[in-house]
Amino acid sequence: MDNREAMGSWLSGPREALENAGADFGYRGEQLGLPQSGPGSIARPGRRIGALVVDWALCMLIAYGLVTHGYDQATGNWALLIFFVLGVLTVGTIGSTPGKRLFGLRVVSEAGGRLGIGRVVVRTLLLCVAIPALIWDRDGRGLHDRLARSVEVRI
(Lines give C-alpha, C1' and ligand atoms only; values in the text may rest on other atoms or scores of the structure.)
Protein backbone atom coordinates (compact mmCIF):
# COMPACT_ATOMS: atom_id res chain seq x y z
CA MET A 1 0.00 0.00 0.00
CA ASP A 2 1.50 3.34 -0.95
CA ASN A 3 1.05 6.59 0.96
CA ARG A 4 -1.83 7.79 -1.22
CA GLU A 5 -3.87 4.68 -0.46
CA ALA A 6 -3.09 4.92 3.24
CA MET A 7 -4.03 8.61 3.39
CA GLY A 8 -7.19 8.18 1.29
CA SER A 9 -8.49 5.04 2.99
CA TRP A 10 -9.87 7.00 5.92
CA LEU A 11 -12.07 8.99 3.50
CA SER A 12 -13.73 5.95 1.99
CA GLY A 13 -14.08 4.09 5.28
CA PRO A 14 -13.00 0.74 6.65
CA ARG A 15 -15.28 -1.32 4.39
CA GLU A 16 -13.66 -0.09 1.17
CA ALA A 17 -10.20 -0.46 2.67
CA LEU A 18 -10.96 -4.08 3.55
CA GLU A 19 -12.48 -4.73 0.11
CA ASN A 20 -9.32 -3.34 -1.51
CA ALA A 21 -7.35 -5.75 0.66
CA GLY A 22 -9.35 -8.68 -0.74
CA ALA A 23 -12.23 -9.15 1.72
CA ASP A 24 -15.58 -10.09 0.14
CA PHE A 25 -18.66 -8.76 1.95
CA GLY A 26 -21.20 -9.67 -0.70
CA TYR A 27 -24.25 -7.52 -1.42
CA ARG A 28 -26.72 -6.04 1.04
CA GLY A 29 -29.21 -8.67 2.17
CA GLU A 30 -27.17 -11.68 1.03
CA GLN A 31 -26.85 -12.96 4.61
CA LEU A 32 -30.64 -12.80 4.94
CA GLY A 33 -31.23 -14.71 1.71
CA LEU A 34 -32.71 -11.72 -0.12
CA PRO A 35 -32.14 -10.94 -3.80
CA GLN A 36 -29.56 -8.34 -4.80
CA SER A 37 -32.04 -6.12 -6.66
CA GLY A 38 -35.70 -5.93 -7.59
CA PRO A 39 -38.73 -6.90 -5.50
CA GLY A 40 -37.81 -8.40 -2.14
CA SER A 41 -34.37 -6.78 -2.01
CA ILE A 42 -33.19 -4.57 0.85
CA ALA A 43 -34.59 -1.04 0.62
CA ARG A 44 -31.97 1.60 -0.16
CA PRO A 45 -31.40 4.49 2.25
CA GLY A 46 -32.75 7.14 -0.14
CA ARG A 47 -36.14 5.46 -0.41
CA ARG A 48 -36.28 4.86 3.33
CA ILE A 49 -35.49 8.48 4.15
CA GLY A 50 -37.99 9.69 1.54
CA ALA A 51 -40.72 7.52 3.06
CA LEU A 52 -39.85 8.81 6.53
CA VAL A 53 -40.09 12.42 5.35
CA VAL A 54 -43.51 11.79 3.78
CA ASP A 55 -44.80 10.07 6.93
CA TRP A 56 -43.46 12.82 9.20
CA ALA A 57 -44.96 15.56 7.00
CA LEU A 58 -48.32 13.78 7.08
CA CYS A 59 -48.17 13.53 10.89
CA MET A 60 -47.20 17.20 11.22
CA LEU A 61 -50.08 18.16 8.95
CA ILE A 62 -52.54 16.14 11.04
CA ALA A 63 -51.18 17.58 14.29
CA TYR A 64 -51.19 21.12 12.88
CA GLY A 65 -54.67 21.02 11.43
CA LEU A 66 -56.63 18.72 13.70
CA VAL A 67 -55.01 18.83 17.13
CA THR A 68 -53.25 22.13 17.84
CA HIS A 69 -55.03 24.30 15.20
CA GLY A 70 -51.80 26.12 14.43
CA TYR A 71 -48.11 25.71 15.04
CA ASP A 72 -46.74 25.85 18.56
CA GLN A 73 -44.35 23.73 20.62
CA ALA A 74 -46.95 21.06 21.24
CA THR A 75 -47.39 20.39 17.50
CA GLY A 76 -44.13 18.42 17.27
CA ASN A 77 -45.01 16.33 20.32
CA TRP A 78 -48.45 15.54 18.95
CA ALA A 79 -46.91 14.72 15.58
CA LEU A 80 -44.58 12.22 17.27
CA LEU A 81 -47.52 10.54 18.99
CA ILE A 82 -49.45 10.43 15.71
CA PHE A 83 -46.33 9.04 13.99
CA PHE A 84 -46.17 6.24 16.58
CA VAL A 85 -49.86 5.37 16.21
CA LEU A 86 -49.66 5.56 12.41
CA GLY A 87 -46.63 3.26 12.36
CA VAL A 88 -48.12 0.68 14.70
CA LEU A 89 -51.48 0.58 12.93
CA THR A 90 -50.26 0.54 9.34
CA VAL A 91 -47.12 -1.58 9.65
CA GLY A 92 -48.96 -3.95 11.98
CA THR A 93 -51.80 -4.49 9.52
CA ILE A 94 -50.60 -3.99 5.93
CA GLY A 95 -46.82 -3.82 6.44
CA SER A 96 -46.41 -0.27 5.08
CA THR A 97 -46.99 3.29 6.18
CA PRO A 98 -48.35 5.72 3.58
CA GLY A 99 -44.82 6.97 2.87
CA LYS A 100 -43.44 3.45 2.53
CA ARG A 101 -46.27 2.52 0.17
CA LEU A 102 -45.60 5.65 -1.91
CA PHE A 103 -41.91 4.71 -2.22
CA GLY A 104 -42.64 1.01 -2.85
CA LEU A 105 -41.41 -0.38 0.49
CA ARG A 106 -42.70 -2.91 2.95
CA VAL A 107 -41.63 -4.12 6.41
CA VAL A 108 -41.44 -7.90 6.83
CA SER A 109 -39.92 -10.24 9.39
CA GLU A 110 -36.53 -11.81 8.77
CA ALA A 111 -38.32 -15.07 7.98
CA GLY A 112 -40.37 -13.29 5.30
CA GLY A 113 -43.80 -13.08 6.92
CA ARG A 114 -45.75 -10.36 8.64
CA LEU A 115 -44.45 -8.87 11.90
CA GLY A 116 -46.30 -9.57 15.12
CA ILE A 117 -47.82 -6.61 16.96
CA GLY A 118 -45.22 -6.75 19.74
CA ARG A 119 -42.33 -6.47 17.29
CA VAL A 120 -44.12 -3.68 15.42
CA VAL A 121 -44.52 -1.71 18.67
CA VAL A 122 -40.82 -2.21 19.56
CA ARG A 123 -39.70 -1.22 16.06
CA THR A 124 -41.87 1.90 15.94
CA LEU A 125 -40.95 2.97 19.47
CA LEU A 126 -37.23 2.69 18.64
CA LEU A 127 -37.82 4.59 15.40
CA CYS A 128 -39.45 7.40 17.40
CA VAL A 129 -36.36 7.60 19.62
CA ALA A 130 -34.36 8.07 16.34
CA ILE A 131 -30.91 7.03 17.62
CA PRO A 132 -31.37 3.29 16.89
CA ALA A 133 -32.46 4.13 13.33
CA LEU A 134 -29.16 5.96 12.75
CA ILE A 135 -27.00 2.93 13.62
CA TRP A 136 -26.86 0.61 10.60
CA ASP A 137 -25.35 -2.82 10.03
CA ARG A 138 -23.59 -3.95 6.86
CA ASP A 139 -26.93 -4.88 5.27
CA GLY A 140 -28.22 -1.33 5.73
CA ARG A 141 -30.71 -2.26 8.46
CA GLY A 142 -31.11 0.08 11.40
CA LEU A 143 -30.76 -1.08 14.98
CA HIS A 144 -34.54 -0.77 15.33
CA ASP A 145 -34.93 -3.35 12.54
CA ARG A 146 -32.30 -5.64 14.05
CA LEU A 147 -33.94 -5.62 17.49
CA ALA A 148 -37.40 -6.21 16.02
CA ARG A 149 -35.95 -8.87 13.65
CA SER A 150 -37.48 -7.08 10.68
CA VAL A 151 -36.34 -6.08 7.20
CA GLU A 152 -37.53 -3.21 5.04
CA VAL A 153 -37.74 -4.50 1.46
CA ARG A 154 -38.83 -3.24 -1.93
CA ILE A 155 -42.28 -4.25 -3.14
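A.B. asks: How would you explain the packing of helix 4 (residues 73–93) against helix 6 (residues 117–129) if you had to name every residue and give the values?
C.D. replies: Here helix 4 crosses helix 6 at 150°, and the two axes come no closer than 9 Å. The angle between the axes of helix 4 and helix 6 places the two elements in the roughly antiparallel class. Between helix 4 and helix 6 lies a crossing of right-handed hand. Across the interface between the two elements, L80, F83, F84, G87, V88, V91 and G92 from helix 4 touch I117, V120, V121, T124, L125, L127 and C128 from helix 6. For the contact of helix 4 with helix 6, a count of residues per class yields 11 nonpolar, three polar and no charged.

A.B. asks: Outline the side chain of S41, supporting the account with residue identities and numerical values.
C.D. replies: Inspection of the secondary structure puts S41 in the loop between helix 2 (14–20) and helix 3 (45–67). Of note is the side chain of S41, whose polar atom sits 2.7 Å from the backbone oxygen of G38.

A.B. asks: Go over the pairing of strand 1 (residues 105–109) with me, naming the residues and quoting the values.
C.D. replies: By the criterion of burial, strand 1 is predominantly enclosed, with four of the five residues buried. Two elements, strand 1 and strand 2 (residues 150–154), share five bridges in a ladder whose sense is antiparallel. If you follow S109 over to strand 2, its bridge partner there is S150.

A.B. asks: Lay out helix 6 with the relevant residues and their values.
C.D. replies: In a regular helix each residue adds 1.5 Å, so 13 residues correspond to 18 Å; helix 6 covers 18 Å between its end C-alpha atoms and thus fits that length. Within the sequence span of helix 6, burial applies to V120, R123, T124, L126, L127 and C128.

A.B. asks: For the nonpolar core, give the residues involved together with the corresponding values.
C.D. replies: Formed by C59, A63, A79, I82, F83, L86, L127, C128 and A133, the largest nonpolar core amounts to nine residues. Put simply, the parts of the chain that give this core at least two residues each are helix 3, helix 4 and helix 6. Setting aside residues no more than four positions away along its own chain, F83 makes contact with L52, D55, W56, C59, T124, L127 and C128. Among the nonpolar cores identified, the runner-up in size contains five residues, and L34, I42, V108 and V151 belong to it.

A.B. asks: If you had to explain empty space enclosed by the protein to someone new, which residues and values would you point to?
C.D. replies: Under the counting rule described, the total for this entry stands at one cavity of 30 Å³ or more. In this structure, the largest cavity occupies an estimated 80 Å³ of space. For the lining of the largest cavity, the secondary structure elements donating two or more residues are helix 3, helix 4 and helix 6. Tallying contributions element by element places helix 4 first for the lining of the largest cavity, with four residues. A breakdown of the residues in the lining of the largest cavity according to their chemical character gives five nonpolar, three polar and three charged.

Reading the values: rules and limits
- Within any chain, residue numbers begin from 1 and follow the written order of that chain's sequence.
- The predicted nature of this model means local features are confined to residues of pLDDT at least 70 and side-chain atom pairs, given and counted, to a pLDDT of 80 or more, with totals for whole chains, interfaces and linings taken over all residues.
- Excluded from the side-chain calculation are hydrogens and water; included are all heavy atoms of the structure.
- To obtain an axis, a line is fitted to C-alpha atoms, over the contacting stretch when the element is a helix, and the angle between two such axes runs from 0 to 180 degrees between their N-to-C directions.
- Helix and strand labels come from DSSP, where a helix needs a run of H or I of at least four residues and a strand needs a run of E of at least two; each type is numbered from the N terminus.
- Angle categories are assigned with fixed cut-offs, so that under 35 degrees is roughly parallel, over 145 is roughly antiparallel, 65 to 115 is roughly perpendicular, and the rest are oblique.
- Crossing handedness is defined as follows: a turn of the near helix away from the far one that is anticlockwise and smaller than a right angle gives a left-handed crossing, while the clockwise case is right-handed.
- Note on definitions: a residue-residue contact is assigned when non-hydrogen atoms from the two residues lie within 4.5 Å.
- Polar here means any residue outside two lists: the nonpolar Ala, Val, Leu, Ile, Met, Phe, Trp, Tyr, Cys and Pro, and the charged Asp, Glu, Lys and Arg; Gly therefore counts as polar.
- Polar contact is defined as a pair of N or O atoms within 3.5 Å, subject to the rule that within protein one atom must be able to donate a hydrogen and the other to accept it, and that residues adjacent in sequence are counted only when both atoms are side-chain atoms.
- A 1.4 Å probe rolled over the protein chains alone gives each residue an accessible area, and that area as a share of the maximum for its type sets the label: buried under 20%, exposed over 50%, partly exposed in between.
- Here a strand pair is declared whenever DSSP counts at least two bridges between the two strands.
- What a helix should span is 1.5 Å times the count of its residues minus one.
- In this text, buried Ala, Val, Leu, Ile, Met, Phe, Trp, Tyr and Cys residues form a nonpolar core when linked through side-chain atoms within 4.5 Å.
- In this analysis, the protein atoms alone were mapped onto a 1 Å grid. Cavities are point sets where a 1.4 Å probe fits without being able to get out; pockets are open sets with protein on both sides within 12 Å along at least five of seven lines; lining residues have an atom within 4 Å of a point.
- Grid points are joined across faces, edges and corners, and a volume is the space filled by probe spheres set on the points.

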